[in-house]
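Examination of the molecular architecture
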Amino acid sequence: MDKVNRSRRIHFLLQYVPEALEPKVGMYFGEHVIRVNGQLCLVVNADGEVGIRALHPALASELAEVCDNLHWVAHGRVYDQWYLLPDNLALNDPRVIKWIGDSINEVHRMSLKGAIPNHQMKVSSR
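Residues numbered from 1 in each chain as written. Predicted model: local features only at pLDDT ≥ 70, side-chain atom pairs only at ≥ 80, totals over all residues. Heavy atoms only, no water.

A closer look at the side chain of Arg53
- Among the secondary structure elements, Arg53 is positioned in strand β4 (residues 50–53).
- There is no salt bridge for the buried Arg53, and the closest opposite charge comes from Asp80, which lies 8.4 Å off by N-O distance.
- Separated by 3.0 Å, the side chain of Arg53 and the backbone oxygen of Leu40 make a polar contact.
- Apart from residues lying up to four places away in sequence, Arg53 is in contact with Gln39, Leu40, Cys41, Leu59, Gln81, Trp82, Ser103, Val107, Ile116, Pro117 and Asn118. (Helix = DSSP H or I, 4+ residues; strand = E, 2+ residues; numbered from the N terminus. Buried < 20%, exposed > 50% of the residue type's maximum accessible area, 1.4 Å probe, protein only. Lys, Arg positive; Asp, Glu negative; His and termini not counted. Salt bridge = Lys/Arg side-chain N within 4 Å of Asp/Glu carboxyl O. Polar contact = N/O pair within 3.5 Å; in protein donor to acceptor, adjacent residues only side chain to side chain. Contact = heavy atoms within 4.5 Å.)

A word on the nonpolar core
- Counting residues in hydrophobic clusters, the biggest one holds 30 residues, and the most contacted among them are Leu13, Leu42, Leu63, Leu85, Trp99 and Ile100.
- Of all the secondary structure elements, the ones that give two or more residues to this core are α1 (3–14), β2 (31–36), β3 (39–44), β4, α2 (57–66) and α3 (94–111).
- Ignoring sequence-local partners within four residues, the contact set of Ile100 consists of Leu13, Tyr16, Leu42 and Ile52.
- Core analysis: the next-biggest nonpolar cluster, separate from the first, contains nine residues, Val33, Leu40, Val43 and Ala74 among them. (Core = buried A, V, L, I, M, F, W, Y, C linked by side-chain atoms within 4.5 Å.)

Some details on the packing of α2 against α3
- Orientation of α2 relative to α3, taken along the N-to-C sense of each, is 140°, at an axis distance of 11 Å. In terms of orientation, α2 and α3 fall into the oblique class. Of the two possible hands of crossing, α2 and α3 adopt the one that is left-handed. For the pair formed by α2 and α3, the contact residues are Leu59, Glu62, Leu63 and Val66 on the first element and Trp99, Asp102 and Ser103 on the second. (Axes fitted to C-alpha atoms, helices over the stretch in contact; angles between N-to-C directions. Parallel < 35°, antiparallel > 145°, perpendicular 65-115°, else oblique. Left-handed = near helix turned anticlockwise from the far one by under 90°.)

Considering the environment of Pro57
- Looking at the element boundaries, Pro57 is found in helix α2.
- By relative accessible area, which is 54% here, Pro57 ends up exposed.
- For Pro57 and Gln81, which are 24 residues apart along the polypeptide, the C-alpha to C-alpha distance reads 9.9 Å.

Some points on the pairing of β2
- In terms of burial, β2 is largely enclosed, as five of its six residues are buried.
- Pairing geometry for strand β1 (residues 24–28) and β2, over five bridges, is antiparallel. Opposite Gly26, over in β2, you have Val33 as the bridge partner.
- Linkage of β1 to β2, two consecutive antiparallel strands, is achieved through a turn of two residues, within which Phe29 is found at a positive phi near 50°. (Pairing = 2+ DSSP bridges.)

Details of the confidence of the model for the protein chain
- In the predicted model, the protein chain carries a mean pLDDT of 90, and the fraction of residues at 70 or more is 94%.
- In the model of the protein chain, strand β5 (residues 71–74) stands out as the element of lowest mean pLDDT, 91, in contrast to β4, which has the highest, 97.
- Here residues 120–126 is modelled with pLDDT under 50, and outside its nearest four sequence neighbours on either side it reaches five contacts, counting other chains as well. (pLDDT = per-residue confidence, 0-100.)

So this is what it looks like as structure tokens:
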């Protein structure tokens, strides 16, 4: 997908991010992203695929199933907190809007505690 259409797609997604969180649209390694409180939340990659960051285990589980466990890959690195939405899922689907909201809220909540690591957090059974 060309750069103009990727930009249009990320700006379309921006409507689902509360303005009160002061979202910022930008680039990350050449891919379009939305940040909240300095932390990445959403991506539109070079192929035009939309990725949602899932920090909460319930969201990660739901997205893993819907997205067939397909993760964002950039420059050979697998971002396992990120799930790429299937092409046949409309970006205005109520589920997508809910997932975006869940992602944004969790990223914002965790960002208030400091930088968020770029790997899945493992829950200890101890």
